[in-house]
Amino acid sequence: MNNGINSFSLEGKVALVTGASYGIGFAIASGFAAAGAKIVFNDIKQELVDKGLAAYAEAGIEAKGYVCDVTDEDAVNNLVKTIEEEVGVIDILVNNAGIIKRIPMHEMTAAEFRQVVDVDLNAPFIVSKAVIPSMIKKGHGKIINICSMMSELGRETVSAYAAAKGGLKMLTRNICSEYGGHNIQCNGIGPGYIETPQTAPLRERQPDGSRHPFDQFIVAKTPAGRWGKPEELVGPAVFLASDASNFVNGHILYVDGGILAYIGKQP
Ligand code: NAP
Ligand code: GCO
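In this report, we go over the structure that sits alongside the text. (Residues numbered from 1 in each chain as written. Chains lettered and ligands numbered in written order. Predicted model: local features only at pLDDT ≥ 70, side-chain atom pairs only at ≥ 80, totals over all residues. Heavy atoms only, no water.)

Digging into the side chain of Asp 256
Turning to step 1, where the next piece is worked out: Turning to its location among the elements, Asp 256 is positioned in the segment after strand S7 (252–255).
Turning to step 2, where the next piece is worked out: As a buried residue without a salt bridge, Asp 256 has its nearest oppositely charged side chain in Lys 221, at a separation of 7.8 Å.
Turning to step 3, where the next piece is worked out: For Asp 256, the side chain forms a polar contact with the main-chain nitrogen of Gly 258, separated by 2.8 Å.
Turning to step 4, where the next piece is worked out: A polar contact is formed between the side chain of Asp 256 and the backbone nitrogen of Leu 260, at a distance of 2.9 Å.
Turning to step 5, where the next piece is worked out: Apart from residues no more than four positions distant in its own chain, Asp 256 is found in contact with Met 149, Gly 192 and Thr 222. (Helix = DSSP H or I, 4+ residues; strand = E, 2+ residues; numbered from the N terminus. Buried < 20%, exposed > 50% of the residue type's maximum accessible area, 1.4 Å probe, protein only. Lys, Arg positive; Asp, Glu negative; His and termini not counted. Salt bridge = Lys/Arg side-chain N within 4 Å of Asp/Glu carboxyl O. Polar contact = N/O pair within 3.5 Å; in protein donor to acceptor, adjacent residues only side chain to side chain. Contact = heavy atoms within 4.5 Å.)

Details of the site of ligand 2
Turning to step 1, where the next piece is worked out: Around ligand 2, the surrounding shell holds 14 residues, and the nearest of these are Arg 102, Ser 148, Tyr 161, Tyr 193 and Gln 198.
Turning to step 2, where the next piece is worked out: In the environment of ligand 2, an oxygen atom lies 2.8 Å from a nitrogen or oxygen atom belonging to the backbone of Pro 191.
Turning to step 3, where the next piece is worked out: Contact between ligand 2 and Tyr 193: an oxygen atom at 2.7 Å from a side-chain N or O atom of the residue.
Turning to step 4, where the next piece is worked out: In isolation ligand 2 has 340 Å² of accessible area, and contact with the protein removes 97% of it.
Turning to step 5, where the next piece is worked out: When its residues are assigned to classes, the shell around ligand 2 shows 8 nonpolar, 4 polar and 2 charged. (Near = heavy atom within 4 Å. Areas by Shrake-Rupley, 256 points an atom, 1.4 Å probe, with all protein chains shown as cover. Nonpolar A, V, L, I, M, F, W, Y, C, P; charged D, E, K, R; others polar.)

Looking at the packing of helix H4 (residues 110–138) against helix H5 (residues 159–179)
Turning to step 1, where the next piece is worked out: Put simply, H4 and H5 touch, their axes get as near as 8 Å, and they point 15 degrees apart. In terms of their interaxial angle, H4 and H5 are classed as roughly parallel. Seen along the crossing, H4 lies across H5 with a hand that is right-handed. Contacts from Phe 113, Val 116, Val 117, Asp 120, Leu 121, Pro 124, Phe 125, Ser 128, Ile 132 and Ile 136 in H4 reach Ser 159, Ala 160, Tyr 161, Ala 163, Ala 164, Lys 165, Gly 167, Leu 168, Leu 171, Ile 175 and Tyr 179 in H5. (Axes fitted to C-alpha atoms, helices over the stretch in contact; angles between N-to-C directions. Parallel < 35°, antiparallel > 145°, perpendicular 65-115°, else oblique. Left-handed = near helix turned anticlockwise from the far one by under 90°.)

Looking at the site of ligand 1
Turning to step 1, where the next piece is worked out: Taken together, 29 residues surround ligand 1, and among them Tyr 22, Asn 96, Tyr 161, Ile 194 and Thr 196 come closest.
Turning to step 2, where the next piece is worked out: Note that an oxygen atom of ligand 1 is positioned 2.8 Å from one of the backbone N or O atoms of Ile 194.
Turning to step 3, where the next piece is worked out: In the complex, 92% of the free accessible area of ligand 1, which totals 880 Å², lies under the protein chains.
Turning to step 4, where the next piece is worked out: Contributions of two or more residues to the shell around ligand 1 are made by helix H1 (23–34), strand S2 (38–43) and H5.
Turning to step 5, where the next piece is worked out: Of the residues assigned to the shell around ligand 1, the class counts are 16 nonpolar, 9 polar and 4 charged.

Let's talk about the nonpolar core
Turning to step 1, where the next piece is worked out: Counting 32 residues, the largest nonpolar core has Ile 28, Phe 32, Ile 39, Tyr 56, Val 94, Ile 144 and Ile 189 as the members making the most contacts within it.
Turning to step 2, where the next piece is worked out: Elements that contribute at least two residues to this core include exactly strand S1 (14–18), H1, S2, helix H2 (46–58), strand S4 (92–95), strand S5 (141–146) and helix H7 (234–241).
Turning to step 3, where the next piece is worked out: Counting residues per element, this core draws most heavily on H1, which supplies 7 residues.
Turning to step 4, where the next piece is worked out: The contact partners of Ile 144, leaving out residues within four places of it in the chain, are Phe 32, Leu 93, Val 94, Asn 95, Asn 187, Ile 189, Ala 237, Leu 240 and Ala 241.
Turning to step 5, where the next piece is worked out: Counting residues in hydrophobic clusters, the runner-up holds 28 residues, among them Tyr 66, Val 70, Ile 143 and Ile 184. (Core = buried A, V, L, I, M, F, W, Y, C linked by side-chain atoms within 4.5 Å.)

Observations concerning the pattern of salt bridges
Once their charged atoms are close, side chains differing in charge can pair, the charge on each being opposite to the other.
Turning to step 1, where the next piece is worked out: Applying the stated criterion to the full structure yields 9 salt bridges.
Turning to step 2, where the next piece is worked out: Between Glu 232 and Arg 226 there is a salt bridge whose closest N-O contact spans 2.6 Å.

Looking at the environment of Asn 145
Turning to step 1, where the next piece is worked out: Counting through the fold element by element, Asn 145 comes out in strand S5.
Turning to step 2, where the next piece is worked out: Through-space distance from the C-alpha of Asn 145 to that of Thr 172 is 6.8 Å; in sequence the pair is 27 residues apart.
Turning to step 3, where the next piece is worked out: When neighbours within four sequence positions are excluded, Asn 145 is seen to be in contact with Asn 95, Pro 124, Leu 168, Thr 172, Cys 186, Asn 187, Gly 188 and Ile 189.

Structure below.
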């Protein structure tokens, strides 16, 4: 608090952003660093962690990176213990790591469905569960779950992703309900269609050089008339990580250029 105004500063806070070697996680972590936070991230492979460390160093950010699969509960518990010993208690957690499989549901195996749910829903449960006890002891905490348009909408081929991201929205509300009394705020960010490697296949040029039909569809379906950039999630993330949002809890902040407000153009 500063003259009664809650601050957007993250000075001195420890932030763990999962799967943040590149893409949305990297942008959010970089924004947190600019707001004063100490950055810790993990990724699933050493080569990705190395790539992330190089990118943070190039941006002038001192980040700590660890290899950790967020679906492995023992590995996550060890990661959180190590961070607490080497950096400090985690004040801010962003559950960002995620995967998608675009397969028609009737062709998808149960193993493929489970794998998506494991990374996109079970892992945020595992990582949140690991950080909450220390947040309770410290008397505050911020958890931000990276949700999706698919927390609200469906489309062909993404049944597992939509099921997981819809579940993540409800996990967000439940963490708020269960731990709000401990001064823990758990909110979600629902990005629209953002230019990252995850969505690169949807923007690939066609053999004749024309734009991918899905790319054209998204631009037409987004009132902003374009895809979003990872950096455009930074402001909302800093808000939800800072004291400025201390009475915002269980909310999903959609950052989608207006997609969810718009019925779409007639063909
Ligand atoms: P991305 O480019 O694919 O980055 C996700 C990161 O998470 C990758 O570094 C990935 O490693 C890592 N990861 C995957 N499984 C992991 C695991 N088990 N343990 C640890 N790390 C793991 O994705 P993005 O587009 O930046 O998306 C970040 C988040 O935003 C995801 O949750 C995604 O669903 C969500 N989102 C994205 C969009 C969009 O339009 N891009 C929109 C809405 C929501 P690998 O490279 O090895 O997979
Ligand atoms: C897809 C996309 C999406 C986005 C994002 C939208 O195939 O429809 O990959 O699901 O990544 O989550 O918000």
